[in-house]
Amino acid sequence: MTTEQIIIKHLTEGKTQAEIAEILKAKGIKPYSLSSIEKHLKAIRLKHGAKTMFHLGVILAEMKSYI
């Protein structure tokens, strides 16, 4: 599973960005800082053409292939 997939999986479970950073840290996945999570999320939004996190959630729900 890629870092992007892990981040999306935990977002869909309702985890906060800070909680996701802690999960990545616990799994030994680097980088795991809050800043790096935010950068990943920005890249994910751009990749899917989403303007907001809510918009991204809608897109991913429609795709149902995010994991």
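This text gives an overview of the structure that appears in the document. Predicted model only: the values in this text are computed from it and were never measured.

Here we come to the environment of Leu41. The residue Leu41 is located in helix α3 (residues 34–48) in this model. Sequence separation of Leu41 and Glu4 is 37 residues, and the distance between their C-alpha atoms is 8.1 Å. Discounting residues that sit within four places of it in the chain, Leu41 has contacts with Ile7, Leu11, Gln17 and Met53.

Relative to the assigned elements, His55 resides in helix α4 (residues 53–63). Counting along the chain gives 48 residues from His55 to Ile7, while the straight-line C-alpha distance between them is 16 Å. Contact partners of His55, with chain neighbours within four places excluded, come to Gly49 and Ala50. At a separation of 3.0 Å, a polar atom in the side chain of His55 contacts the main-chain amide nitrogen of Lys51.

Parameters and conventions
Residues numbered from 1 in each chain as written. Predicted model: local features only at pLDDT ≥ 70, side-chain atom pairs only at ≥ 80, totals over all residues. Heavy atoms only, no water. Helix = DSSP H or I, 4+ residues; strand = E, 2+ residues; numbered from the N terminus. Contact = heavy atoms within 4.5 Å. Polar contact = N/O pair within 3.5 Å; in protein donor to acceptor, adjacent residues only side chain to side chain.

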